[in-house]
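# Reading the structure
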Amino acid sequence: MVVLLFVTSFAGACVDLDPAIESTSDEVTLDRPRYGRLAVGASHACAITSTGGVRCWGAGTEGQLGDGAAVDRRAPVDVLLPSPATALGAGSTHTCAVLDTGSVACWGQGQGGQLGGSSDSPTPVLVAGVSGAVAVTAGDQHSCALLGSGRVACWGANGQGQLGDGTTSGSATPRTVVTQSGHPLGGIVSVHASGYRTCGFDRDGLTWCWSYNQSHNLNPSPRPLPFYTYAFPTTLATNDLVVVHDTDHCQASATTLSCAGSFSFFAYNIGPFAQLAHRDRGVCFTNYPGNVVCGGDNDHGQRGLGHADPAPTLSTVPLLGTTLEIGVGDDFACAYGVDGNVRCWGKGDRGQTGDGAPSPSDRRSPVLVEGPASGGPAWDLAVGSDGVAGHACVLRAAGTARCVGDGRQGQRGNGALTTSLDPTDVFALTGAVALSSHVNHTCALGGTGGVWCWGQNTRGQLGDASYTRRTTPSAVRDLASAVDVATGSSHSCAARYDGRVLCWGENTSYQLGMNTGSVAAYPVPRLLQAPTDVVSVESGYFHSCAIKRDGGLWCWGRNTSGETGAGAADAKRLPAAVAGLDDVVDVALGWSHTCALIADGTVRCWGANGWGQLGDGTASSRLLPITPAVDHVVAIAAGQYHTCALRDDGTVRCWGANSRGSLGVGDAATRWSPTLVAGGDRFVAIAASSSTTCGLRADGTTACWGRVGDGTTFRETSTPATVSGL
């Protein structure tokens, strides 16, 4: 499994901004935020490029474009950043970026302290006192950073209590958001500021808001609240997602969208959605097929329908293609597509549609931002290996993929059965948003919810109703609403948007989660009865696990060393909860061991340990979870007999078997406890399988260590080495 970190952001050790406030037990160590490459302000927009640069366009008289000149721009201009950016946030007249160091830089209007200083700046200013940031958000005159620890730090104007520290005095120095008991607010997984209000959403679905409330309700049943100012975070409701604004708010729970304020619609059934964004007079959301649907006013063409006539109902924006991210400004909107481009539509009086037109005017249909505003950065990483041979694939933001290494079973997807150390494109793959590889096959998740697989298919692991090997992507049968996909040795599984799990391929060890008697393989997806309410799934060689929305972990399949977490070692197990783990955010599965990443940034491992793959300094197998000596972890990966952990400072530590250099520590000696990978690289994602490990750097380059290739054509290295062209 690969997990991407937008500090890669996920960089920079987490530092408590207020050491006098004691830590709480509800912190969550965060993975890469799903959104953050596109930021839309009131009349300007910015996007992250393929190299981590930032380009902005639109209104710029307050310096919010960051190019050193306080003027409007009709086409994107480069922001003068000190290092690559990993996430963005835009306020009305200022912009902030998380850098690959975990620090935050802001530019634009700054008299309220929202830049971390006391004056305006047309170029980025580093905010002193912020480290370990993974996301940033901006209001009218304040900014907030979400830290890898799950805490929130805010700075700027505070007359309405928008800094969340219990005071109403402004500060250019970041302050930790605290609860009414004086403890840091923790466990936050996303944060959104707009106007004078900020809201954070925690992993349990609770919404915490602080500051200016006007008279608009944030509870499930929209009813006005009395006007008052509150300076402490207040738990308001349990929702799947709530997005708020200074004058309006929209709430989406399950499949219903409810809006209050000046919107002309209320309580529409919109179906499952991926992201929701809005401002005063309009709202847009992306659904799982990757379409953009908008509502609200249309006097500037901000509905993207090609006209400025009233549109009383929600409508799909045409001419966009599959969209990964959406942002809404004042009467305009922008979308980031799987092709790596940004398109905007609506009001264009200050160049905010970014198409470089010689005269500013509205755009009633989506237009391509000149440049383009963003390219095709590396987005996901997958590794497959059988102990002797290995291959690696990288997904680009444009939805295409390239693979390198062993291809004798077609697992590179390029139409051939050959091995090469020169990366090649996966044939005809477009619109993909995630990858997963194992021994001899690879699968891609599409932005529409479909899944495509290629490679070895002797046990039906490609799910296309055949047992025929495929050298190019083949669609998984009857699967069109997946949100995650995982590959095992000879089986595959997917999590569906409704929280159900489907698996296909070999079932000799119950790795499909069902007791089917003498039936050993299924070449099409089979629905598991349990677990339900699943958000992600991962597969190992002969077992699988699923993480539920509440942080619980369920596992099933072969259990000869206790790898399913059942507390006993036996032949095989049907799906059951792993006892004692209720705050899991990631899981990695090896040959016969399992490791889970816990919300506090620590790791728990159990199962076989003959090669030290559990990392507790011994060779003793464990039926119950133990804790290896590594912390501040944001992602984990497991090979056949080794495990690796990515920390929030971008470093990687590995432990276990190392005969082919798969630990990256510079030799072939086994390590019984976590050991720092050599070379000093900072990574944003890791993936492992058998004897191969790879990491994705913030600049989009990929490094691998261990064995890449087959027994004849291969490269083997015990330290990270860049794979050119991947």
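Here the structure is a predicted model, which is why all the values come from computation and not from measurement. (Residues numbered from 1 in each chain as written. Predicted model: local features only at pLDDT ≥ 70, side-chain atom pairs only at ≥ 80, totals over all residues. Heavy atoms only, no water.)

### Here we look at the overall build of the protein
What the protein contains, in helices and strands, is zero helices and 57 strands. Counting every position in the protein, which comprises 726 residues, the buried fraction comes to 63%. Of all intrachain contacts in the protein linking residues separated by at least 6 positions in sequence, the fraction that spans at least 24 positions is 52%. Accessible surface for the protein amounts to roughly 22700 Å². Of this, 50% is attributable to carbon and sulfur atoms. (Helix = DSSP H or I, 4+ residues; strand = E, 2+ residues; numbered from the N terminus. Buried < 20%, exposed > 50% of the residue type's maximum accessible area, 1.4 Å probe, protein only. Contact = heavy atoms within 4.5 Å. Areas by Shrake-Rupley, 256 points an atom, 1.4 Å probe, with all protein chains shown as cover.)

### Observations concerning the pattern of salt bridges
Taken as a whole and judged by the stated rule, the model has 18 salt bridges. In this structure, Arg647 engages Asp631 in a salt bridge whose closest nitrogen and oxygen atoms are separated by 2.9 Å. On the criterion of sequence distance, the pair formed by Arg647 in strand S51 (residues 642–647) and Asp631 in the loop between strand S49 (622–626) and strand S50 (633–638) is long-range, its members being 16 residues apart. The class of Asp631 is partly exposed, set by a relative accessible area of 38%. (Salt bridge = Lys/Arg side-chain N within 4 Å of Asp/Glu carboxyl O.)

### A few points about the state of the cysteines
Applying the stated criterion to the full structure yields 12 disulfides. Covalent S-S linkage joins Cys46 and Cys56, the inter-sulfur distance amounting to 2.0 Å. Taking the torsion about the S-S bond as the criterion, the Cys46 to Cys56 disulfide, at about 110°, is right-handed. Taken together, the residues Cys46 in strand S3 (residues 44–48) and Cys56 in strand S4 (residues 54–58) connect sequence positions 10 residues apart. Cys46 gets classed as buried once you look at its relative accessible area, which sits at 0%. (Disulfide = S-S within 2.5 Å.)

### Regarding the pairing of strand S47 (residues 593–598)
With six of six residues buried, S47 is to be regarded as a mostly interior element. Here S47 shows a buried face lined by His593, Cys595 and Leu597 and a second buried face lined by Thr594, Ala596 and Ile598. Sheet topology note: the strand S46 (residues 584–589)/S47 ladder contains five bridges and is antiparallel. Looking at the pairing, Leu589 lines up with Thr594 of S47. Where S47 lies against strand S48 (residues 603–607), five bridges are found, and the strand directions are antiparallel. The residue of S48 that forms the bridge with Leu597 is Val603. (Pairing = 2+ DSSP bridges.)

### A few points about unusual backbone geometry
Working note: non-glycine residues mostly have negative phi, and peptide bonds are mostly trans. Residue Ala530 is joined to Pro531 through a cis peptide bond whose omega torsion reads 5°. Of note in this structure, Leu319 is not a glycine but carries a positive phi near 65°. When its relative accessible area of 63% is taken as the criterion, Leu319 is described as exposed. Positive phi, normally seen in glycine, also occurs at Asp533, with a value near 60°. Mapped onto the fold, Asp533 is located in the loop between strand S41 (521–527) and strand S42 (534–539).

### Overview of the nonpolar core
One finds Val54, Cys56, Val79, Leu81, Ala85, Leu88 and Trp107 to be the most contacted residues of the largest nonpolar core, which totals 16 residues. Listing elements by their share of this core, those giving two or more residues are S3, S4, strand S6 (85–90), strand S7 (94–99) and strand S8 (104–108). Membership of the second largest hydrophobic core comes to 15 residues, among which are Val634, Cys644, Cys654 and Leu663. (Core = buried A, V, L, I, M, F, W, Y, C linked by side-chain atoms within 4.5 Å.)

### Some thoughts on the packing of aromatic side chains
For the coordinates displayed, the defined rule picks out four aromatic pairs. Here the aromatic rings of Phe542 and Trp591 are separated by 5.1 Å at their centres, their planes lie at 90°, and the arrangement is edge-to-face. Pair noted here: Phe542 is in the loop between S42 and strand S43 (543–548) and Trp591 is in the loop between S46 and S47, with a separation of 49 residues, a long-range link. With a centroid separation of 5.7 Å and 50° between ring planes, the pair formed by Phe683 and Trp705 is classed as tilted. Pair noted here: Phe683 is in strand S54 (residues 683–689) and Trp705 is in strand S56 (residues 702–709), with a separation of 22 residues, a long-range link. (Phe/Tyr/Trp six-rings, centres within 6.5 Å; stacked < 30°, edge-to-face > 60°.)

Geometric values such as these leave the question of function open.
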